[in-house]
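Given next are the chains, with one letter for each unit.
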Amino acid sequence: MPELPEVETVVRQLRQKVLEKKVVNVEVFDPKVVDTRLQQLAPFKFKNITRRGKSIIASLDNDNYLIIQLRMTGHFYYVPKLPSSDTHNEHLAAVFHFTDKSILTHNSIRRFGKIQLATKKEVDEYVSKLGPEPLEMTSSEFISSLQKTPSAVIKSKLLEQDCIAGIGNIYAQEALYHAKILPSKKINQISESQLTKLHKELQSVLLKSIEHNGSTVSNYTHIAGKGEFQNFLAVYQKDKCPKSHKIRKVQIGGRSTYYCKDCQKS
DNA sequence: CAATCGTCCTGCGGGC
DNA sequence: TGCCCGCAGGACGATT
């Protein structure tokens, strides 16, 4: 569930906490989640931490990179000093130790996510497979990107990372609600003015969520705690829309999809 | 070629 | 009370 706003929140906090700090040791506890080669990497510093879609890209000062995917339940916790107790030991995947005895832990409940060691070339290759950033594209780019597959279902298309990067199940549904478009509509059944509206509403909902540190539903927390945007969701996992209409839940492309039949008529 | 399905993984909640 | 089943879902590979 960490989507663009949640990942952006984590990236901003990681930058604050660990940029330019010297890592003296990395322990890997879950080789399925974290590349074990990280254990041979220290000492190094985090030079820069950026986001691309739902992925975190960390560049290190030794020409290596980390590609980090949180997927459903990946978490980072920053602990200023090595705790005597076993804080954040649950589902522990890796621990980064800094010179000042502070630590950064990576925890993953469902173990879907990954921290991979990569070269510049591998990062470039990985990033080039992703579609454009929704907050950095114009509405005409957005429309032409969607219209490449006219018969595709709009909600499913919004989730495809090679079309537009960073949208997941929550924000696809929220944007469609605000744009008053039915999630089951095919792209060629949606007018250009409606797609323009969708682009605007998508950007708006993403920006608002970033302002509120993302949405915390089920498991997501950022480094400093929970997001607050779940309090502003219109349809996702709701019984009633903001206008008190009954929300319906269907499966689209095998994923739960919430929508309001009364508000989303287009 | 696009769309759908199965898979990974764990925790939780509903039902009996 | 306790157990089992199904659901949650991002991304990828396999299949239709």
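All figures in this text were calculated on a predicted structure; none of them were measured in a lab. (Residues numbered from 1 in each chain as written. Chains lettered and ligands numbered in written order. Predicted model: local features only at pLDDT ≥ 70, side-chain atom pairs only at ≥ 80, totals over all residues. Heavy atoms only, no water.)

**Considering the overall build of chain A**
Looking only at helices and strands, chain A has 6 helices and 10 strands in total. Relative to its length of 266 residues, chain A is compact, with a C-alpha radius of gyration of 20 Å against a globular reference of 18 Å. Dimensions of chain A, computed from the C-alpha atoms along their principal axes, are close to 55 × 40 × 30 Å. Sequence separation of at least 24 residues holds for 64% of the intrachain contacts in chain A that already meet a minimum separation of 6. Surface summary for chain A: the accessible area is close to 12600 Å², and the carbon and sulfur share equals 47%. (Helix = DSSP H or I, 4+ residues; strand = E, 2+ residues; numbered from the N terminus. Rg over C-alpha atoms; globule rule 2.2 N^0.38 Å. Contact = heavy atoms within 4.5 Å. Areas by Shrake-Rupley, 256 points an atom, 1.4 Å probe, with all protein chains shown as cover.)

**Let's talk about the protein's contact with DNA strand B**
In the vicinity of DNA strand B, the contacting residues are Lys-32, His-91, Ile-109, Arg-110, Arg-111, Phe-112, Ser-151 and Ala-152. A distance of 3.0 Å separates a phosphate oxygen of DNA strand B from a polar atom in the side chain of Arg-111. For the surface near DNA strand B, the per-class residue count stands at 3 nonpolar, 2 polar and 3 charged. (Near = heavy atom within 4 Å. Polar contact = N/O pair within 3.5 Å; in protein donor to acceptor, adjacent residues only side chain to side chain. Nonpolar A, V, L, I, M, F, W, Y, C, P; charged D, E, K, R; others polar.)

**Some thoughts on the protein's contact with DNA strand C**
Among the 13 residues in the neighbourhood of DNA strand C, the closest are listed as Phe-112, Tyr-236, Lys-249, Arg-255 and Ser-256. Note that a phosphate oxygen of DNA strand C is positioned 3.3 Å from one of the side-chain N or O atoms of Asn-169. Within the side chain of Tyr-236, one N or O atom sits 2.3 Å away from a phosphate oxygen of DNA strand C. The residue inventory of the surface near DNA strand C, partitioned by class, reads 4 nonpolar, 4 polar and 5 charged.

**Re the domain arrangement of chain A**
For chain A, the domain assignment lists domain 1 (4-128) and domain 2 (139-259). Taking the mean C-alpha position of each, domain 1 and domain 2 sit 28 Å from one another. Listed by partner, the interface residues are 20 residues for domain 1 and 18 residues for domain 2. With both chains or domains summed, domain 1 and domain 2 bury close to 1600 Å², and 63% of this area falls on carbon and sulfur atoms. Counting across the interface, domain 1 meets domain 2 through 0 salt bridges. The interface formed by domain 1 and domain 2 includes 4 residue pairs in polar contact (both at pLDDT 80 or more). Broken down by secondary-structure element, the contributors of at least two residues to the side of domain 1 that touches domain 2 are α1 (4-18) and β5 (74-79). (Domains from an automatic or database assignment. Buried area = accessible area lost by both parts, 1.4 Å probe. Salt bridge = Lys/Arg side-chain N within 4 Å of Asp/Glu carboxyl O.)

**Focus on the nonpolar core**
Nonpolar side chains tend to gather and get buried jointly when the protein is soluble and globular. Ranked by internal contacts, the top residues of the largest apolar core, which has 39 residues, are Phe-142, Leu-146, Ile-154, Leu-158, Ile-164 and Leu-198. Sequence-distant contacts of Ile-164, defined by excluding residues within four places in its chain, comprise Gly-131, Pro-132, Pro-134, Met-137, Phe-142, Ser-145, Leu-146 and Leu-158. Listed in part, the 30 residues of the second largest apolar core include Val-26, Val-34, Phe-44 and Leu-104. (Core = buried A, V, L, I, M, F, W, Y, C linked by side-chain atoms within 4.5 Å. Buried < 20%, exposed > 50% of the residue type's maximum accessible area, 1.4 Å probe, protein only.)

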